[in-house]
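One letter stands for each residue in the lines below.
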Amino acid sequence: MANSPYTLPSLPYGLADLAPAYSEELLELHYSKHHQAYVNGANATLQKLADARADNAYEHINGLQKNLAFHLSGHVLHSLFWQSMTAQGGGEPSAVLQAQIKADFGSVDDLRNQVAAAAKGLQGSGWVCLSWDGLSEKLIVQQIQDHQSNAAHGAQSILALDMWEHAYYLQYQNAKAKWIEAYWDLADWAGAEDRLKLLKG
Ligand code: MN
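Criteria and cut-off values
- Residues numbered from 1 in each chain as written.
- Predicted model: local features only at pLDDT ≥ 70, side-chain atom pairs only at ≥ 80, totals over all residues.
- Heavy atoms only, no water.
- 1 Å grid on protein atoms, 1.4 Å probe; cavity = no way out; pocket = protein on both sides within 12 Å on 5 of 7 lines; lining within 4 Å.
- Points joined across faces, edges and corners; volume = space filled by probe spheres on them.
- Helix = DSSP H or I, 4+ residues; strand = E, 2+ residues; numbered from the N terminus.
- Nonpolar A, V, L, I, M, F, W, Y, C, P; charged D, E, K, R; others polar.
- Domains from an automatic or database assignment.
- Donors = N, O, S within 2.8 Å, 3.2 Å for Na, K, Ca; no water.
- Buried < 20%, exposed > 50% of the residue type's maximum accessible area, 1.4 Å probe, protein only.
- Expected span 1.5 Å × (residues − 1).
- Bend = angle between axes of the 7 residues up to and from the residue.
- Patch = residues over 30% accessible without salt bridge, like charges linked within 9 Å, V, L, I, M, F, W, Y side chains within 5 Å.
- Areas by Shrake-Rupley, 256 points an atom, 1.4 Å probe, with all protein chains shown as cover.
- Salt bridge = Lys/Arg side-chain N within 4 Å of Asp/Glu carboxyl O.
- Lys, Arg positive; Asp, Glu negative; His and termini not counted.
- Charge placed at Lys NZ, Arg CZ, Asp CG, Glu CD.
- Axes fitted to C-alpha atoms, helices over the stretch in contact; angles between N-to-C directions.
- Parallel < 35°, antiparallel > 145°, perpendicular 65-115°, else oblique.
- Contact = heavy atoms within 4.5 Å.
- Pairing = 2+ DSSP bridges.
- Phe/Tyr/Trp six-rings, centres within 6.5 Å; stacked < 30°, edge-to-face > 60°.
- Lys NZ or Arg CZ within 6 Å of the ring centre and 35° of its normal.

## Quick notes on the layout of surface pockets
Step number 1: By volume, the largest pocket is sized at about 470 Å³.
Step number 2: If you go around the largest pocket, you meet 19 residues; those closest to its centre are S73, V76, A151, A155 and S157.
Step number 3: Looking at the lining of the largest pocket, the elements with two or more residues in it are α2 (61-83), β2 (138-145) and β3 (156-162).
Step number 4: Take the lining of the largest pocket: its biggest share by element is five residues, from α2.
Step number 5: Among the residues making up the lining of the largest pocket, the classes are represented as nine nonpolar, 10 polar and no charged.
Step number 6: In this structure, the lining of the largest pocket is formed jointly by two domains, domain 1 (24-83) and domain 2 (95-200), each of which donates at least three residues.

Put into structure tokens, the structure is as follows:
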């Protein structure tokens, strides 16, 4: 297909490497089925938009624009989600990231509390991200609905927590708080710090 610019990225670890905090079965399903579906959806939507332009046929333009935002944001967030976890994760952020978190949230625990509140408070499917807002030069927490709504333009996420049921239900059922705790044990603070440094320049 002419318009297939999006591809499923390789995982930075093996499918079994995040167990027991994140089981092999759940990781395999989430990555190879759910994430792949957003990649396919984004590519298919680009093709449909190209077809619409070629035919000057825009009767479905609103749906196509909505699908593009949904699938592409889903692809981007899942790509960051895999990078947000590591088997060697957890603990406390290292110096640069820790200093930024303390400046913008008070303490790492204050950040964790806000993230947990936003995650448990989500109405429906969504994400909670730690994001760098270059305009204020501050880290902010974003509570994102679905993949694409309730997000501030311009803020770049450095850590993503997937709160869609497909992200945890197979292993954690309705125990959202346990999934959030497990996520902190996997959190790749070093990777988040690398991303922050790139954004701060
Ligand atoms: Mn997901």
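## Here's the deal with the coordination of the manganese ion
Step number 1: Distances from the manganese ion to its protein donors, H30 (NE2), H78 (NE2), D162 (OD) and H166 (NE2), fall within 2.0 to 2.1 Å.
Step number 2: In terms of primary sequence, the donors binding the manganese ion are separated according to H-x47-H-x83-D-x3-H. With H30 in helix α1 (residues 24-55) and D162 in strand β3, this pair connects stretches of sequence that are 132 residues apart. Accessibility classification places H30 together with D162 in one group, the buried group.

## Some points on α1
Step number 1: In a regular helix each residue adds 1.5 Å, so 32 residues correspond to 46 Å; α1 covers 45 Å between its end C-alpha atoms and thus fits that length.
Step number 2: In the structure, α1 departs most strongly from a straight axis at H30, where the bend amounts to approximately 30 degrees.
Step number 3: One or two positions beyond α1, positive phi appears at N56, with a value near 45 degrees.

## Thoughts on a negative patch on the surface
Step number 1: On the surface, D17, E24, E25 and E28 cluster together into a patch of negative charge.
Step number 2: Residue classification places E28 among the partly exposed positions, given a relative accessible area of 35%.

## Some points on the packing of helix α3 (residues 95-105) against helix α7 (residues 189-200)
Step number 1: Contact geometry of α3 with α7 gives a least axis separation of 8 Å together with a crossing angle of 75 degrees. Viewed along their axes, α3 and α7 adopt a mutual orientation that is roughly perpendicular. On the side of α3, the interface is formed by A95, V96, L97, Q100 and I101, while α7 contributes W189, A192, E193, L196, K197 and K200.
Step number 2: Per-class residue counts for the contact of α3 with α7 are seven nonpolar, one polar and three charged.

## Focus on the sheet that holds β3
Adjacent strands of a sheet pair through backbone hydrogen bonds, lying either parallel or antiparallel.
Step number 1: On the basis of which strands lie adjacent, the open sheet formed by three strands has the order β2-β1-β3 and antiparallel pairing. The open sheet has two edge strands, β2 and β3, and neither has a second partner. This sheet shows a mean twist of 20 degrees between the axes of neighbouring strands, independent of strand direction.
Step number 2: Pairing of strand β1 (residues 126-133) with β3, which is carried by six bridges, proceeds in the antiparallel orientation. Looking at β3, one finds that W127 is bridged to D162.

## Side note on the packing of aromatic side chains
Step number 1: A complete count under the given rule lists 15 aromatic pairs for this structure.
Step number 2: When the ring of F81 is compared with that of W82, the centres are 5.1 Å apart and the planes differ by 55 degrees; the resulting orientation is tilted. Comparing F81 with W82 shows no difference in burial state: the two are buried.
Step number 3: Considering the side-chain rings of F81 and Y183, the 6.4 Å spacing of their centres and the 5 degrees angle between planes classify their relative orientation as stacked. Of the two residues, F81 is situated in helix α2 and Y183 in helix α6 (residues 176-186); the sequence distance between them amounts to 102 residues.
Step number 4: Put simply, the rings of Y22, Y31, F81, W82, W127, Y172, W179, Y183, W184 and W189 pair up and form one aromatic cluster.
Step number 5: In this structure, R112 packs its charged tip against the face of W184, placed 5.9 Å from the ring centre.

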